[in-house]
Amino acid sequence: MKKTLIISYLFLVAFVGNLFANEVNIFSARHYDSDIQLYEKFTVKTGIKVNVVSGKSGALEKRIIEEGKDSKADLYITADAGRLGAFEANLQGGLTSSVIKDAVPSNFRTSKWTGIAKRARIVYFAPERVSGAELSGLTYEGLADPKWKGRLVIRASNNIYNQSLVASLIKNNGKGKVTDWSKGMVSNMARSPKGNDRAQILAVAAGEADIAVANTYYLALMLSGKKGPEQQAAAKKVKPFFPNQDGRGTHMNISGAGLVKGAPNKANAIKLVEFLLSEEAQNHIVNNTFEYPMIKGVSPHPLVVNMGLDFKQDLKTKVVNYGKRQADALEVMTAAGWK
Amino acid sequence: MTKYNIWFFSSVIIASFVALPIITVFLSFFSETSSYYSVLKNTFLYDYIFNSIIILFFVILITFFLGVISAYFLSFYEFPFSKFFSWALILAFAVPGYIYAFSIIAFFENYGTAFSILTFLFGENNYNLFIPKIDGIMGATLAISFSLFPYVYVLTRASFYYQSNNYIEVGKNLGLSSRETFFKIILPSARPAIVAGLALVSMECLSDFGTVSFFSINTLTTGIYNSWLSFDDLNTANQISFILLLFILFLFSIEIYSRKEARYHQPGRGFKPITKIKLIGKKALIPFIICSVILFISFLFPVSQMIYWAIKFPKYFHDLNIINLNLNTLYLVLLASIFIVLVSLFINYGDRVSKSRILNYLTNFSVSGYAIPGVILALAFITFFSNVSDILSENLNIKSSKGIFIGSIFGLILAYFIRFFSLSFNGIKSSYEKINNSIDESAYLLGYSKVRTFSKIHIPHLRTNIILVMLLISLEVIKELPMTLILRPFNFETFATQAYIYASQDLLEAAAIPSLFLIFWSSILILLSSRYILSTKN
């Protein structure tokens, strides 16, 4: 009798303990250790435990879909609005609160997902080989101009950052014009696409090309020395240029979090997102990943500041379009022979 | 009369497991695929086939030359360090193709290791424009060739070792020069072994995923994986798998045929090992240089590149959870090898005791699993168990049982089993056959039970081979990438998956340390195996 009582008691404790297990489950495709530190700060502040499952975005999405109703995922955190947009069928609305709405401009969020940090996809050029006159008024659309023939490097079409950029171009110019643009891009390429964004910047530094298209944080990353002294020296040989300043502004994208369908800890998930948008967290993020902050009143890392802060961001094109036009973008690039 | 005993049913179960991936792929071939990407799919398919074949062609060419030339020098000649080279060249097995790929990129990219070395030696300059950019198909071909040539080397060398003395004598009697003897008699007679080696190389090459996906080449394997991952189109994935399996089937039949032919070329009685010709001075230079270059490129180069990075970016050493990685890998390796060996012993014993021909066919079929590319096997595994789980939950209201097989260690070990059963089964079988059946009979006459016969008589004879088989399975499990990547539980990484994930996340330098551990443990396993192989020969 006594044993039964003890065992029942233990079960009761375990059961009750689990009822009140305060936690939130994140599936994160971001690979920064600094994120883990951030989550620990959150736990200290709120007592909510953060369980992180990390992996590549494709594998994580696959997992969420396969687990279906059994999935314990609350938040899906990844880079690029295109990914979040394409995954919307598996996200639920309700990732909204007055805090989130105040912190994040409406073009960087939807009810199902919200941006947490920003990045821009810009042009890097070699000052010795590209004159100010050539760059003046440069637009993304202008990159297909024959004057850049053999001078451009950009990574492959299967990369999400490129797909989002092309999606934005389709939204602003129409599919027909972008089809011609893609063909122009392909004929301007100095080499068949290979390597990641950093490899494109290094190609310009090495003299293989004159201009490259890549995200903003990569230059800061190389300048910081984290990739070795050679890349730090190479990074000094290129300069950033923010396109479309006379028009709608430079193409912006986000790192963001989406609320997964059937999330077991919805309230905690919203709390975590609000924390990530707090000044403390934003400072932590931008100083480790070289992204731009989402909220006002926080300054990016000095190396990013040096690249120029007073550029016009494209706030007109809502990032939700990147997911919507992703299939078109891929189709247009593939048809143009963009490998 | 077939006895429907436990051995029979076990063999049926095992054979069915192995047949699963093949059948799943076959059935999917006739299913609907997503029309959304059908246009893209059609354009890509020719790309996949073309690229897979081009890489295969050059890999066969390169491994043929590397394997045969090194086997030639090390079988017939003795020169400084030849004894060292004879086992050292096998170490190329310790470097899987994808790690080799990391090293190539690290070394030849703009501002990479080659640039740093040149700057260090000759001062600042823009060397980048002169450094050859090795990647894409050329990079993949080189990486795969250097990691697979030991197959040809080992098999060719064994063939030279076992038969050549007789043929050399025949050549002498016919009055042929040593060169004519080699090209007209010895080389052709080694043909079955060479072809078997090349067939193995081909199957591994077509099956490769890590290397080609790292270089972003569209091949059949990456097509399968991307169809599943990006397009969520399991049926397209399986259709591409079907085409790949056709190629594999072709190569597989070549390999089986060659192996059968090789048996006719076994030495008769009176086999004498070759007296090697001693080379000294200038004559020893060419073989020495060639072997050194091969050893350097296939093993020392990738290892040095990884060490260089580990030292240059020490931060990753602290960040990485090395102990966990080691424990995870050890855990997987032990579980897999023990499980696979136990089942192999069981089935081998059953084969021996039952003497049933149907059983024989079943087991012979079961061992074909090694030919199935890891990607196909993993996806077929998922397809099958997802479907079964869905059927069960709909009809029997059982809660989703997917988790038991997909994303679990158990499921992963099952998948390893299908792929590596052949290695274990045949390894044990070859030494089991050496135990004469009459010994069993005598034991039974003396009143030994079947179990006692097994434990007191069979096991001691098999012990060396069992250890060897466990070493070889461990080696395969440590290096395995696609199946582990697809089927592993979350937050469970092995050296292979961790290195690959870092590499694909723009953190290539961080891949150095898991790669080094992988190479280290693989090298130890290879060295232990070669010791055991040598001891069984004696």
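The subject of this paragraph is the overall build of chain B. Counting secondary structure elements, chain B contains 23 helices and two strands. The C-alpha atoms of chain B give 25 Å as radius of gyration, which agrees with the globular expectation for 538 residues (24 Å, within 12%). Taken along the three principal axes of its C-alpha coordinates, chain B extends 75 × 70 × 45 Å. Put simply, 83% of the contacts in chain B that link residues at least 6 apart link residues at least 24 apart.

As a further point, take the interface of chain B and chain A. Between chain B and chain A, the residue contacts involve 25 residues of the former and 24 residues of the latter. Elements supplying a minimum of two residues to the side of chain B that touches chain A: helix H5 (113–122) and helix H22 (495–504) of chain B. Considered class by class, the residues forming the side of chain B that touches chain A number eight nonpolar, 11 polar and six charged.

Our focus in this paragraph is the domain arrangement of chain B. Residue and element names in this part refer to chain B. Domain boundaries in chain B define domain 1 (42–108 + 138–209 + 219–312) and domain 2 (313–538). Of note, the centres of domain 1 and domain 2, computed from C-alpha atoms alone, are 23 Å apart. Of the residues lining the interface, 35 residues belong to domain 1; the matching set on domain 2 comes to 30 residues. Contributions of two or more residues to the side of domain 1 that touches domain 2 are made by helix H4 (97–108), helix H8 (191–207), helix H10 (220–229), helix H11 (234–264) and helix H12 (282–312). Looking at the side of domain 1 that touches domain 2 residue by residue, the class counts come to 30 nonpolar, four polar and one charged.

Positive phi outside glycine occurs at Phe-290 of chain A, with the angle close to 65°. For Phe-290 of chain A, the location among the structural elements is in the loop between helix H13 (279–289) and strand S9 (292–293). In this model, Asp-506 of chain B sits at a positive phi of 65°, which is unusual for a non-glycine residue. Along the chain, Asp-506 of chain B falls in the loop between H22 and helix H23 (512–537).

Looking now at the nonpolar core. Among the nonpolar cores identified, the biggest contains 149 residues, and Ala-101, Ile-376, Ala-378 and Leu-379 of chain B are the most heavily contacted of them. Ranked by residues supplied to this core, first place goes to helix H6 (residues 136–174) of chain B with 14 residues. Summarising the domain contributions, this core has at least three residues from each of domain 1 (42–108 + 138–209 + 219–312) and domain 2 (313–538) of chain B. Those residues in contact with Ala-101 of chain B that sit more than four places away from it in its chain are Gly-139, Ala-140, Ala-143, Thr-211, Phe-214 and Phe-215 of chain B. Membership of the second largest hydrophobic core comes to 62 residues, among which are Leu-60, Ile-254, Ile-285 and Met-333 of chain A.

Between its first and last C-alpha, helix H16 (residues 374–395) of chain B extends 32 Å over 22 residues, near the 32 Å set by a 1.5 Å rise per residue. Within the sequence span of H16 of chain B, burial applies to Gly-374, Val-375, Ile-376, Leu-377, Ala-378, Leu-379, Ala-380, Phe-381, Ile-382, Thr-383 and Phe-385 of chain B.

Glancing now at the domain arrangement of chain A. When the parts come together, some accessible area is lost, and that loss is often what is quoted as the size of the interface. Residues and elements named next belong to chain A. Structurally, chain A comprises domain 1 (2–118 + 254–300) and domain 2 (120–251 + 318–335). Taking the mean C-alpha position of each, domain 1 and domain 2 sit 31 Å from one another. Contact with domain 1, which involves 16 residues of that partner, is made by 15 residues of domain 2. Among the elements that take part in the side of domain 1 that touches domain 2, helix H4 (residues 81–86) stands out by supplying six residues, more than any other. Grouping the constituent residues of the side of domain 1 that touches domain 2 by class yields six nonpolar, six polar and four charged.

All names here are of chain A. The buried count for strand S4 (residues 113–125) comes to 13 of 13 residues, which makes it a mostly enclosed element. With seven bridges connecting them, S4 and strand S8 (residues 252–259) associate as antiparallel partners. Each residue of the ladder has a partner; that of Arg-119, found in S8, is Asn-253. In terms of strand pairing, S4 meets S9 through two bridges, oriented antiparallel. Across the sheet, the residue bridging to Ala-117 is Pro-293, located in S9. Bridge analysis of S4 against strand S6 (residues 211–215) gives five bridges, and the strand direction is antiparallel. Counted as the bridge partner of Tyr-124 is Ala-212 from S6. Judged from the three bridges that link them, S4 and strand S7 (residues 239–241) form a sheet pairing that is antiparallel. Bridging from a neighbouring strand, Val-123 pairs with Phe-241 of S7.

Cut-offs used in this document
- Residues numbered from 1 in each chain as written.
- Chains lettered and ligands numbered in written order.
- Predicted model: local features only at pLDDT ≥ 70, side-chain atom pairs only at ≥ 80, totals over all residues.
- Helix = DSSP H or I, 4+ residues; strand = E, 2+ residues; numbered from the N terminus.
- Rg over C-alpha atoms; globule rule 2.2 N^0.38 Å.
- Contact = placed C-beta atoms within 7 Å.
- Nonpolar A, V, L, I, M, F, W, Y, C, P; charged D, E, K, R; others polar.
- Domains from an automatic or database assignment.
- Core = buried A, V, L, I, M, F, W, Y, C linked by C-beta atoms within 7 Å.
- Buried ≥ 20, exposed ≤ 12 C-beta atoms within 10 Å, placed from the backbone.
- Expected span 1.5 Å × (residues − 1).
- Pairing = 2+ DSSP bridges.

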